[in-house]
Amino acid sequence: MTSRPLDRLLRPQTIAVFGGREARRVIEQCDRMGFSGEIWPVHPKLDEVLGRRCYRSLSDLPAAPDAAFIGVNRTLTIDIVRSLSLAGAGGAVCYASGFSEATAELADGAELQQALVEAAGGMPILGPNCYGLINGLDGALLWPDQHGMQRVERGVAILTQSSNIALNLTMQTRGLPIAYVVTSGNQAQTSLADVACALIEDQRVTAVGLHVEGFGDLAGLERLAAMARRSKKPVVVLKVGRSEQAKHAAVSHTASLAGSDAVADAVLARLGLGRVQSLPALLETLKLLHLAGPLPSYSISSMSCSGGEASLMADAAVGRKVEFPALQPQQLPRLREVLGEMVALANPLDYHTFVWGDLARQTEAFSAMFKGGCALNLVVLDFPRDDRCDSSEWTTTTDAIIAAASATGALAGVLATLPENMPEPVAARLMSKGIVPFSGIDEAITAAEVAAGIGEAWDRPPPLPLLNVVPVDGELDTLSEADAKTELAACGLPVPRGLQAFSPREAAEQAERLGFPVVLKGLGIAHKTEAGAVVLNLKDPEAVSNAAAAMPPNGGYLVEKMIDPPVAELIVGASRDPVFGLSLTLGAGGIFVELLEDSVVLPLPATKADIGAAISWLKIAKLIHGYRGRPRGDLEATIDAVAATAEYVVKNAVRLEELDINPLMVLPEGRGVVAVDALIRRRR
């Protein structure tokens, strides 16, 4: 985070450009966008550039510029950045490459990047290795290439590390008003989160989209999420790339379940930041957020004049949180009257073509549908080609949608199933009338789901600060199961009564002390079941002794009381993600870990409400709630046990590397839970 605000860099009144060809292009783009401020070219040999006086050096400028574009080689870039910072400039874009992104090719890349940051001091810089920024609100550009943006009065901000992706996004023809495009390159000093926070403060920005290759600043991400919530300006993230899982992932089930992408999902959801998986989905979601902000629910209505389209819409919602609720009784009489007897009234609704081309009847039909209380009301409408077809009747339909939305106050969207079937002029007109012009069924469903998810997150109390500690760098130790259970029991986690033994004979004696039946386990083995180091339901000393003698050589034995059959088995664990640190994983336990692939990641710290919600998302939760007449599990005790585990993880976060409780047996209601196996790995 820089010590100076980003305002002057993002909204400059004076721009200095250093260099030759790229600097000239920056001036060209500012002129094309109608920048009204002053531009000062700096070049040691030129007298003028595009009709403007050219200054020989920074010291010759009339004043310290608000913003500077530096289009020179990497070593000279550092010198210019240092001079700008000392002069009191507002910020700079560093175009040159050959810094930390090129350490494989250039031995001094990382060293030069550090020198660049030191030269900048408190002055904000974007890059290096980036195109810079386009301010479509004020026509101010620090951008050395053509682009597809135009001036707007308000719109969304899009930020990315990749200049080429930023360039591609400016070429969109989807009707999305873009206020800012900002690239950050290497994020040597100023991160995407820093820039996003500064842009949210601009009253003309409605929503923010981030294309993120990696999260490096968790505190910045939390700061952005808090500012978005406070300002009521939603943020949606396209996170690409999967961090390599820790090398010890094979030691426990938890580590394999909690891959970095799953952790990223959980962290973003907790912070109230939406997530999409593609650039088209990012743009469509930003359109919805620009016009409507977060949605109050996941409910959608859909109308189309084709049964095929109605089926596509219904299928698109399968496996998603969005839902098409049944039509309300008060909607049916009016829909029946307008559409006739041959139309099957349902949601999604195929309204046939009986009202096609009739503005009044279409308006009546759409109005009746829009009065169902859904968060978003879609009309599927693919427009014909302008060069070969007449689209006048499609214009009638859009007029009816606009009129119905105005009359009912409902949020409406026009959905073209194919992006090429939503002409840009149509999209722009719909946006101006408050109607979302969607391109693509899956993208529209994603947009609704993400917008509703943000609304759901904002309805909850603000989240606790994320667990963000620097771990110690010592050697890894793996505790024995007995020692691990002793530590967890001290934190309030129920474990079976157990005794250690170091010979088959002693194991039999300990079993008699506990009382039969018992479980015998070999200590010092990570995956005991696969290694034949677990034997259940032993009912006499001889059986215990024989079972111990048959086990592979190990560090002794653990004899425990046999637990009654559970209602359900859970896995509860924690693993350290290289980016996000420690988080908790809950899922179907025992032999079902890989079989059901039923798990959820929970960022830490976590409240009991967080834990209860996470358990409810699991498929295995049906068993805990009493599936098909089976006994209910002790849900309250389960939540308490997970909370005790979470507390242990938080308290030991500096040293803890991995924790695995599998299974946590959920007993019938009123009888509690028992952790029958536990693994702990931590740094010395």
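Look up a bit, the structure's there.
Residues numbered from 1 in each chain as written. Predicted model: local features only at pLDDT ≥ 70, side-chain atom pairs only at ≥ 80, totals over all residues. Heavy atoms only, no water.

Participant: What should I look at first to understand the overall build of the chain in this one?
Facilitator: Helices and strands together make up the secondary structure of the chain, namely 24 helices and 30 strands. Along the first, second and third principal axes, the C-alpha atoms of the chain reach 100 × 75 × 40 Å. The buried share among the 684 residues of the chain stands at 56%. Sequence-distant contacts in the chain: of pairs separated by 6 or more residues, those separated by 24 or more amount to 71%. If the 61 positive side-chain charges of the chain are averaged to one point and the 78 negative ones to another, these points end up 3 Å apart. (Helix = DSSP H or I, 4+ residues; strand = E, 2+ residues; numbered from the N terminus. Buried < 20%, exposed > 50% of the residue type's maximum accessible area, 1.4 Å probe, protein only. Contact = heavy atoms within 4.5 Å. Lys, Arg positive; Asp, Glu negative; His and termini not counted. Charge placed at Lys NZ, Arg CZ, Asp CG, Glu CD.)

Participant: Whenever I open this one, the sheet that holds strand β12 (residues 205–212) confuses me. Can you help?
Facilitator: Within a sheet, adjacent strands bond to each other through the backbone by hydrogen bonds, running parallel or antiparallel. The 7 strands are arranged β9-β8-β11-β10-β12-β13-β14 in an open sheet whose pairing can be described as mixed. Sheet topology places β9 (140–142) and β14 (274–276) at the edges, where each strand pairs with a single neighbour. Across the sheet, the mean angle separating the axes of adjacent strands is 15° when strand polarity is ignored. (Pairing = 2+ DSSP bridges. Axes fitted to C-alpha atoms, helices over the stretch in contact; angles between N-to-C directions.)

Participant: What is the right way to look at the pairing of strand β24 (residues 557–561) in this model?
Facilitator: Every other side chain in a regular strand lies on the same face of the sheet, so the side chains alternate between the two faces. Taking burial as the measure, the 5 residues of β24 include 4 buried ones, the bulk of the element. Pairing geometry for strand β21 (residues 498–501) and β24, over 4 bridges, is antiparallel. Across the sheet, the residue bridging to Ala 501 is Tyr 557, located in β24.

Participant: It is not clear to me how the layout of surface pockets should be interpreted in this structure. Could you clarify?
Facilitator: Its volume calculated, the largest pocket comes out at about 1400 Å³. Around the largest pocket, the lining comprises 42 residues; the ones closest to its centre are Asp 265, Ala 269, Arg 270, Lys 321 and Trp 617. Counting residues per element, the ones that place at least two in the lining of the largest pocket are α9 (260–271), β14, α16 (441–459), β27 (599–603) and α22 (608–616). The dominant element in the lining of the largest pocket, judged by the number of residues it contributes, is α16, at 9 residues. Of the residues contributing to the lining of the largest pocket, the split by class is 22 nonpolar, 8 polar and 12 charged. (1 Å grid on protein atoms, 1.4 Å probe; cavity = no way out; pocket = protein on both sides within 12 Å on 5 of 7 lines; lining within 4 Å. Points joined across faces, edges and corners; volume = space filled by probe spheres on them. Nonpolar A, V, L, I, M, F, W, Y, C, P; charged D, E, K, R; others polar.)

Participant: What's the story with the pattern of salt bridges in this structure? I'm lost.
Facilitator: Side chains carrying opposite charge are able to pair once their charged atoms draw close together. Within the structure shown, the criterion is met by 37 salt bridges. For Glu 22, the salt bridge identified is with Arg 21, shortest N-O distance 3.1 Å. Of the residues examined, Arg 21 reaches a relative accessible area of 55% and is grouped as exposed. Among the ionic pairs, Arg 576 bridges to Glu 657, the shortest N-O distance being 3.4 Å. Remark: Glu 657 occurs in strand β28 (residues 656–666) and Arg 576 occurs in strand β25 (residues 568–577); sequence separation between them is 81 residues. Judged by its relative accessible area of 7%, Glu 657 is buried. Via salt bridges that share partners, Asp 7, Arg 11, Asp 138, Asp 202 and Arg 204 belong to a single interconnected network. (Salt bridge = Lys/Arg side-chain N within 4 Å of Asp/Glu carboxyl O.)

Participant: I'm lost on the environment of Leu 493 in this one. Help?
Facilitator: Tracing the backbone shows Leu 493 in the loop between α17 (481–490) and β21. A relative accessible area of 4% places Leu 493 in the buried class. Apart from residues lying up to four places away in sequence, Leu 493 is in contact with Leu 488, Ala 641, Ala 644, Thr 645, Ile 661, Leu 664 and Ala 675.

Participant: How should I be thinking about the side chain of Thr 170 in this particular structure?
Facilitator: Position of Thr 170 among the secondary structure elements: in helix α5 (residues 163–170). Within the structure, Thr 170 has its side chain in polar contact with the backbone nitrogen of Gly 148 (distance 3.0 Å). The residues touching Thr 170, leaving out its near neighbours within four places in the chain, are Ile 134, His 147, Gly 148, Met 149 and Val 181. (Polar contact = N/O pair within 3.5 Å; in protein donor to acceptor, adjacent residues only side chain to side chain.)

Participant: Is there a simple way to think about the packing of helix α3 (residues 74–87) against helix α4 (residues 109–120) in this case?
Facilitator: The description of two packed helices rests on the angle between their axes and on the distance between the axes. Here α3 crosses α4 at 15°, and the two axes come no closer than 8 Å. For the element pair α3 / α4, the angle class is roughly parallel. In this structure, α3 meets α4 at a crossing whose hand is left-handed. Between α3, through Arg 74, Thr 75, Thr 77, Ile 78, Val 81, Arg 82 and Ser 85, and α4, the contact on the second element is made entirely by Gly 109, Leu 112, Ala 115, Leu 116, Ala 119 and Ala 120. Residues belonging to the contact of α3 with α4 are distributed by class as follows: 7 nonpolar, 4 polar and 2 charged. (Parallel < 35°, antiparallel > 145°, perpendicular 65-115°, else oblique. Left-handed = near helix turned anticlockwise from the far one by under 90°.)

Nothing here speaks to function; it is geometry throughout.
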